Amino acid sequence: MQGQMMDYQLTLTPLLERARRLFPKKEIVTKAGPSLERFTYGEMTERVARLANALEKLGVRRGDRVATFAWNNARHLELYFAVPCMGAVLHPLNLRLPADQLTYIVAHADDQVLFVDPTLLPAVEKLAPQLKSIEHYVVMGDKVPEGTTLSPVHSYEELLANASPEYPWPHLNENDAAAMCYTSGTTGNPKGVVYSHRSIYLHSLGLSMIDSFGLTERDVFMPVVPMFHVLAWGTPFATVMLGTKLVFPGPHLQPRDLAELIQSEKVTLTAGVPTLWLGLLALLDKERYDLSSLRGMIVGGAAAPQSMIEAFEKKQGIHVVHAWGMTEMSPLGTVSHLKSYQEGLPEEERFAIRAKQGLSVPGVDIRAVDESGKEIPWDGKAFGELQVRGPWIISSYYNDERSADSFMDGWFRTGDVVTIDPEGFVQIVDRTKDLVKSGGEWISSQDLENVIMAHPKVLEAAVIAVPHPKWQERPLACVVPKPDYKDNLTKAEIYDHLRTRFDKMYLPDDIVFIDAVPKTSVGKFDKKVLRQQYKDYQLPEA
Ligand code: AMP
């Protein structure tokens, strides 16, 4: 016997329509320089319709990719809805990636229109000659800045002013692509993740569960996590669905900017990577702000240190919610809330549990398997690779032959090595991905190694992540000079060589010279050994 419920397509258009009908007065606030820019959902939904008309006039059709190069702001939010709801695919680009990766990504995604924040124009102008697929540039401001080399180029507000405020939203299939993001691969170029309307719809419901992020209409939500990083963890879709007031920091991400915004807009919930909140914590030691509106701070993207969780709660009365996820998972995976019967545990134990990555949320199945592919017991001791499946988890990378390695019997392999305790709390203990996560952004160890090993005086190099108080992890390069140069190779020579290829953020914080890189039985670099050896290494201050 079949169920007899409607085959209702889970697309983003009804979420937008709900915001228009039910919450036209709710505000969307963006920090723009010293002032705040305010729109209401009523204005926003009309502007979204104008934007869809404007995109159509630029030639954007169903399935076409529209890229953004922008901070968290109200115009970016408009693109989050106009592009998918007209049937095209939103593609936010990570502002922090090196030029060669951005060029690759734009070409691989075959982006046709690129929206650029006025503050980021110089970076895009430099890239533009390599961006062969882009047919139109749109500067996200009132007018096209004089002298820009981009062409053909339009201004966002002029496009909207000349477009109709009515748009006949098409009927879409829930499995149509809505958005895409690229994530760093351990080897080679970044890999594309394509989200569907259905996955975003279900993920938005997932974020609204009290046992996950618990977003509600009553919240004032400030996404500090960038809109190019897993679509700001999917939060813009959930907040529009719910009619939540939104506060965007724009490019103003210094601790003082964030504290002022929380205070003035009475933010109740915010989300971002630990590095940001460590900065805020340090500021709050020195300066006073009224952050009493804040009922929660969601921390993910990298491990939230237990000391940070405790300091926020004990000193500032701010409740920290630790969450784990991935670009491939939209990103919601686990959230670390205590179970009701754990509330009575001693304080130290409660904090230790909450510093774990947490319980899988409804909608995400988990298991962890050892190297032979056997499931490990949930005893908090055995460890294995965490694998996941669910309706907002990737089924394959976009046009990428590396896809096959990432799946096992219908499960997605996260590359995170975990223990799972008898209560089901996941704890990350290592990762198989050979990457460094600095301030929430990936740095490829192998890219650095390849360039270092191209130096004529270098025999071998292994780059590992070592703990860092601010960035959580920073790269350390372990270098073996060729025998003839044992006493004749300096750190400065290696840095000079690296600077020809990498921006400052990607350079190792230190270089150590070693006799040989430890090897596994099959002769591969055994970085586990180096990571263990250098786990307490004191990096020099920047
Ligand atoms: P991304 O796709 O850039 O969001 O990176 C996802 C990866 O970041 C995960 O596979 C983990 O390695 C790491 N990560 C994310 N959240 C956490 C967390 N709460 N604790 C530790 N690592 C995390």
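Quick caveat: nothing in here was measured; it's all calculated off a predicted structure.

What counts as what
- Residues numbered from 1 in each chain as written.
- Predicted model: local features only at pLDDT ≥ 70, side-chain atom pairs only at ≥ 80, totals over all residues.
- Heavy atoms only, no water.
- Phe/Tyr/Trp six-rings, centres within 6.5 Å; stacked < 30°, edge-to-face > 60°.
- Helix = DSSP H or I, 4+ residues; strand = E, 2+ residues; numbered from the N terminus.
- Buried < 20%, exposed > 50% of the residue type's maximum accessible area, 1.4 Å probe, protein only.
- Disulfide = S-S within 2.5 Å.
- Pairing = 2+ DSSP bridges.
- Contact = heavy atoms within 4.5 Å.
- Axes fitted to C-alpha atoms, helices over the stretch in contact; angles between N-to-C directions.
- Domains from an automatic or database assignment.
- Buried area = accessible area lost by both parts, 1.4 Å probe.
- Salt bridge = Lys/Arg side-chain N within 4 Å of Asp/Glu carboxyl O.
- Polar contact = N/O pair within 3.5 Å; in protein donor to acceptor, adjacent residues only side chain to side chain.
- Nonpolar A, V, L, I, M, F, W, Y, C, P; charged D, E, K, R; others polar.

Now for the packing of aromatic side chains. Here the structure, examined in full by the defined rule, presents six aromatic pairs. With centroids separated by 6.0 Å and ring planes inclined at 75°, the aromatic side chains of Phe115 and Tyr156 adopt a geometry described as edge-to-face. Of the two residues, Phe115 sits in strand S5 (residues 111-116) while Tyr156 sits in helix H6 (residues 156-161), which places them 41 residues apart along the sequence. Assigned by exposure class, Phe115 and Tyr156 land together as buried. Judged by centre distance (5.6 Å) and plane angle (75°), the rings of Tyr534 and Tyr537 are edge-to-face. For Tyr534, a relative accessible area of 12% puts it in the buried group. You can call Tyr537 partly exposed: its relative accessible area is 24%.

Right, let's get into the state of the cysteines. For the structure shown, the criterion picks out zero disulfides. Of all cysteine sulfurs, the one in Cys181 lies closest to Cys85, which takes part in no disulfide; the gap is 17 Å. Looking at Cys85, the relative accessible area reads 0%, which means it is buried.

Let's shift gears to the sheet that holds strand S13 (residues 296-299). Read across the open sheet, the nine strands follow the order S2-S1-S11-S10-S12-S13-S14-S15-S16; overall the sheet is mixed. Edge positions in the sheet fall to strand S2 (35-40) and strand S16 (359-360), since each has one partner strand and no second. Examined bridge by bridge, strand S10 (residues 220-223) and strand S11 (residues 245-248) share two bridges and lie parallel to one another. Opposite Phe221, over in S11, you have Leu246 as the bridge partner. Along the sheet face, helix H2 (residues 41-57) touches strand S1 (27-32), S2 and S11 and points at about 75° away from the line of S2.

With that settled, consider the domain arrangement of the protein. Each assigned domain of the protein is listed with its residue range as follows: domain 1 (13-29 + 39-202) and domain 2 (436-533). With 10 residues of domain 1 at the interface, the matching set in domain 2 holds seven residues. Both sides of the domain 1 and domain 2 interface together cover about 690 Å² of buried area, and 38% of this is carbon and sulfur. Inspection of the region where domain 1 meets domain 2 yields two salt bridges. Across the domain 1-domain 2 interface, the total number found is three residue pairs in polar contact (both at pLDDT 80 or more). Here the residues of the side of domain 1 that touches domain 2 sort into two nonpolar, six polar and two charged.

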